[in-house]
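Here is how the chains run, residue by residue.
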Amino acid sequence: ATRRPLAKHPYMTLVDRCFALWNLGLSLFSCWGFYHMAVGLSQTAWNFGLQFTICAGTTDLVEGFQKGPAALALILFCFSKIPELGDTVFLIL
């Protein structure tokens, strides 16, 4: 009896599709987060100057982000690192 290669196994196509959807989701999430962080950072740089955005403490900088979705993007970015550990499973498979 001939054996099918593992790469052509139906489960592997499912894994490949899941991997593609996972990466698409991460890419869209990263674009969304970058957009909102760039807007918040540029507004802060415009209002307080570039030196403030580089040299200010984290608490001072985050205060300027509380008025828009940049704070949400920052929090979600931090929490997204936990499920991104799933990338390791996809890489191993």
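What you see is a predicted model; the values in this text were computed from it and never measured.

**Q** Can you explain the overall build of the protein chain? Please cite residues and give values.
**A** Per the secondary structure count, the protein chain includes 5 helices and 0 strands. When the helices and strands of the protein chain are listed from N to C terminus, the series reads α-α-α-α-α. Counting every position in the protein chain, which comprises 93 residues, the buried fraction comes to 13%. For the protein chain, long-range pairs separated by at least 24 residues make up 69% of all intrachain contacts whose partners lie at least 6 apart in sequence. In the structure as shown, the protein chain presents an accessible area of about 7,600 Å², 70% of it carried by carbon and sulfur atoms.

**Q** Got a sec to walk through the side chain of Thr44? Specific residues and values, please.
**A** With respect to the helices, strands and loops of the structure, Thr44 is situated in helix α1 (residues 10–48). With relative accessibility at 4%, the residue Thr44 sits in the buried group. When near neighbours in sequence (up to four residues on either side) are disregarded, Thr44 contacts Gly49, Phe52, Thr53, Leu61 and Phe65.

**Q** Talk me through the pattern of salt bridges; I want residue IDs and the actual numbers.
**A** In this structure the tally under the stated criterion is 1 salt bridge. Residue Lys81 is joined to Glu84 by a salt bridge in which the shortest nitrogen-to-oxygen separation is 3.1 Å. By relative accessible area, Lys81 is classed as partly exposed at 36%. For Glu84, a relative accessible area of 22% corresponds to the partly exposed category.

**Q** Residue-level account of the side chain of His36, with values.
**A** Here His36 is to be found in helix α1. Those residues in contact with His36 that lie beyond four places of it in its chain are Pro69, Ala70 and Ala73.

**Q** Residue-level account of the environment of Asn23, with values.
**A** Position of Asn23 relative to the elements: it lies in helix α1. Along the chain, Asn23 and Glu84 lie 61 residues apart, while their C-alpha atoms are 9.9 Å from each other.

**Q** Go over the packing of aromatic side chains, please, and point to the residues and values.
**A** Under the definition given, this model contains 2 aromatic pairs. Residues Phe48 and Phe52 carry aromatic rings whose centres are separated by 5.0 Å and whose planes lie at 40° to one another, so their mutual orientation is tilted. By relative accessible area, which is 54% here, Phe48 ends up exposed. Looking at Phe52, the relative accessible area reads 25%, which means it is partly exposed.

**Q** An account of the layout of surface pockets is requested, with residue identities and associated values reported.
**A** Reported here for the largest pocket is a volume of approximately 290 Å³. Together, 17 residues line the largest pocket, and Gln43, Thr44, Gly64, Phe65 and Lys67 are the ones closest to its centre. When residues of the lining of the largest pocket are traced back to their parent elements, those giving at least two are α1 and α3 (58–65). In terms of residue count, the dominant contributor to the lining of the largest pocket is α1 (7 residues). Class assignment for the residues of the lining of the largest pocket results in 7 nonpolar, 7 polar and 3 charged.

The rules behind the values
Residues numbered from 1 in each chain as written. Predicted model: local features only at pLDDT ≥ 70, side-chain atom pairs only at ≥ 80, totals over all residues. Heavy atoms only, no water. Helix = DSSP H or I, 4+ residues; strand = E, 2+ residues; numbered from the N terminus. Buried < 20%, exposed > 50% of the residue type's maximum accessible area, 1.4 Å probe, protein only. Contact = heavy atoms within 4.5 Å. Areas by Shrake-Rupley, 256 points an atom, 1.4 Å probe, with all protein chains shown as cover. Salt bridge = Lys/Arg side-chain N within 4 Å of Asp/Glu carboxyl O. Phe/Tyr/Trp six-rings, centres within 6.5 Å; stacked < 30°, edge-to-face > 60°. 1 Å grid on protein atoms, 1.4 Å probe; cavity = no way out; pocket = protein on both sides within 12 Å on 5 of 7 lines; lining within 4 Å. Points joined across faces, edges and corners; volume = space filled by probe spheres on them. Nonpolar A, V, L, I, M, F, W, Y, C, P; charged D, E, K, R; others polar.

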